[in-house]
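Residue-level listing of the chains:
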Amino acid sequence: MLEANTTARPGDSKGFRRMFAPDRLTLGVFFPIESFQRDEPSMRNQERLARRAEELGFAALWVREVPLRDPSFGDIGQVYDPWVYLAWIAAQTRDIALATGSVILPLRHPLHTAKAAASVDRLSGSRLVLGVASGDRPVEFPAFGVDIDRPGALFRENLAVLRTVLTQNSPRLQSSYGVMQGTADLVPKPVGALPILITGTSRQSLDWIAGHADGWITYPRPLAQQAERAAHWHATVTAARPGVFMPFVQSLYIDLTTDPDHPAQPIHLGFRGGRNVLPHLDAAP
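Residues numbered from 1 in each chain as written. Predicted model: local features only at pLDDT ≥ 70, side-chain atom pairs only at ≥ 80, totals over all residues. Heavy atoms only, no water.

*Asks:* Describe the packing of helix α3 (residues 82–92) against helix α4 (residues 110–124), and please don't skip the residues or the numbers.
*Replies:* Between α3 and α4, the shortest axis-to-axis distance is 10 Å and the interhelical angle comes to 5 degrees. By the angle between their directions, the pair α3 and α4 is classed as roughly parallel. Across the interface between the two elements, Trp 83, Leu 86 and Ala 90 from α3 touch Thr 113, Ala 116, Ala 117, Val 120 and Ser 124 from α4. (Axes fitted to C-alpha atoms, helices over the stretch in contact; angles between N-to-C directions. Helix = DSSP H or I, 4+ residues; strand = E, 2+ residues; numbered from the N terminus. Parallel < 35°, antiparallel > 145°, perpendicular 65-115°, else oblique. Contact = heavy atoms within 4.5 Å.)

*Asks:* Provide a residue-level description of the pattern of salt bridges, including the pertinent values.
*Replies:* For the structure on display, the rule yields twelve salt bridges. A salt bridge links Lys 14 to Asp 95, with the shortest nitrogen-to-oxygen separation between them at 3.2 Å. Taken together, the residues span a long stretch of sequence, with Lys 14 in helix α1 (residues 14–19) and Asp 95 in the loop between α3 and β3 (97–100) at a distance of 81 residues. Of the charged contacts, one joins Asp 75 and Arg 64 as a salt bridge, the two residues approaching to 2.5 Å between their closest N and O atoms. Taken together, the residues span a long stretch of sequence, with Asp 75 in the loop between β2 (60–63) and α3 and Arg 64 in the loop between β2 and α3 at a distance of eleven residues. Residue Asp 75 shares its accessibility class with Arg 64, and that shared class is buried. (Salt bridge = Lys/Arg side-chain N within 4 Å of Asp/Glu carboxyl O. Buried < 20%, exposed > 50% of the residue type's maximum accessible area, 1.4 Å probe, protein only.)

*Asks:* Break down the packing of aromatic side chains for me, citing the residues and quoting the values.
*Replies:* What the rule picks out here adds up to eight aromatic pairs. Aromatic side chains Phe 16 and Phe 245 sit 6.3 Å apart centroid to centroid with 75 degrees between the ring planes, which places their arrangement in the edge-to-face category. On the criterion of sequence distance, the pair formed by Phe 16 in helix α1 and Phe 245 in the loop between α8 (223–240) and β10 (248–250) is long-range, its members being 229 residues apart. Where Phe 31 meets Tyr 85, the ring centres are 5.2 Å apart and the plane angle is 85 degrees; that geometry is what we call edge-to-face. Of this pair, Phe 31 sits in the loop between β1 (29–30) and α2 (46–55) while Tyr 85 is found in helix α3, placing the two residues 54 residues apart along the sequence. The exposure class of Tyr 85 is buried, given its relative accessible area of 4%. Chaining the aromatic ring pairs together yields one cluster made of Phe 16, Phe 20 and Phe 245. (Phe/Tyr/Trp six-rings, centres within 6.5 Å; stacked < 30°, edge-to-face > 60°.)

*Asks:* Account for the packing of α2 against α3, naming residues and giving values.
*Replies:* As a packed pair, α2 and α3 sit with axes 10 Å apart at the nearest point and diverge in direction by 55 degrees. Overall, the two elements α2 and α3 adopt an arrangement that is oblique. Handedness of the crossing formed by α2 with α3: right-handed. Contact with α2, carried on its side by Gln 46, Glu 47, Ala 50 and Arg 51, involves Tyr 85, Trp 88, Ile 89 and Gln 92 of α3 and no other residues of that element. Partitioned by chemical class, the residues of the contact of α2 with α3 number four nonpolar, two polar and two charged. (Left-handed = near helix turned anticlockwise from the far one by under 90°. Nonpolar A, V, L, I, M, F, W, Y, C, P; charged D, E, K, R; others polar.)

*Asks:* Mind laying out the side chain of Ser 124, listing which residues take part and the relevant values?
*Replies:* Residue placement: Ser 124 occurs in helix α4. At a separation of 3.4 Å, a polar atom in the side chain of Ser 124 contacts the main-chain carbonyl oxygen of Asp 121. Apart from the residues lying within four places of it in its own chain, the contact partners of Ser 124 are Ala 90 and Leu 98. (Polar contact = N/O pair within 3.5 Å; in protein donor to acceptor, adjacent residues only side chain to side chain.)

*Asks:* Give a description of the nonpolar core that names residues and reports values.
*Replies:* In this structure, Leu 61, Trp 83, Leu 130, Leu 159, Leu 162, Ile 198 and Trp 233 are the most contacted members of the largest nonpolar core, which totals 45 residues. Residue contributions to this core peak at six residues, all from helix α6 (residues 151–167). The contacts of Ile 198, once residues within four sequence positions are left out, are Val 132, Phe 155, Leu 159, Trp 208, Ile 209, Ala 213, Gly 215, Trp 216 and Ile 217. Listed in part, the twelve residues of the second largest apolar core include Phe 16, Ala 59, Ala 99 and Leu 197. (Core = buried A, V, L, I, M, F, W, Y, C linked by side-chain atoms within 4.5 Å.)

*Asks:* Could you give me a rundown of the environment of Asp 185, with the residues and numbers involved?
*Replies:* In this structure, Asp 185 sits in the loop between β7 (178–181) and β8 (196–199). A relative accessible area of 31% means that Asp 185 is categorised as partly exposed. In this structure the C-alpha to C-alpha distance between Asp 185 and Pro 71, which are 114 residues apart in sequence, comes to 40 Å. Not counting residues within four places of it along the chain, the set of residues in contact with Asp 185 comprises Gln 168, Asn 169, Ser 170, Pro 171 and Met 180. There is a polar contact of 2.9 Å between the side chain of Asp 185 and the backbone nitrogen of Ser 170.

*Asks:* Any chance you could break down the pairing of strand β13 (residues 270–273) for me, citing the residues and the numbers?
*Replies:* Looking at chain direction, strand β11 (residues 253–256) and β13 are connected through four bridges and run parallel. Note that in β13 the partner of Ile 254 across the bridge is Phe 271. Bridge analysis of strand β12 (residues 265–267) against β13 gives three bridges, and the strand direction is antiparallel. Pairing of Ile 267 across the sheet is with Gly 270, part of β13. (Pairing = 2+ DSSP bridges.)

This is how it looks when you write it as structure tokens:
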């Protein structure tokens, strides 16, 4: 039951199938699901809102990893540890995908990340989609004793260890994180092949990302520019891994006003406006 399924593919994941399909657009919801001032949400009624999002057919519930408050960034995500919170939300829901956007690999030992991810995937019934990143908050690296000049290299090495222990039984490996001699094994294994999405560049080239990820998470841009970015991504994937579907994902902050017809106004990483402008985002600034 706990051994790796070496024939599984990311597309077999229940979470991946709910979130992604060729030529299809789906919508997910990031925690916290609320409007709030300053950088800390109340986190009240999130369980009820998560169940409501599932009932309405949203594809996924997303959590972020923000281990330390940095006032210059203006937000601390859903406040709680992502793995603890995912387990809590998994127990409150049944079918909606659970996604991280994203776990900061250089700040964690890959064996800890692998065990947490596989545990959530098992307990939720194959609903986890693992978004990973190299980190972009400079205050975090010295606090965790991580060389701020090495996150790109650490990201690659961490991801390699993560992939190995999730997909192989009792592997042999050696990295700067430690050595496994072929006797110890990570348990549990995920239900199948755990989908891993890379966020931003994570200090890698797009070619490298296409060769090592199961999808790409990027940031909002003007519609025409984002369309070009998506086309470039799919062309890169086709060249690197012909015939493999790898989704293009973007985040977007939406601050809804009480006036349903309020015109869209740009805010950081999204827009503010009334609910009636949602079907016309192509005309938003």
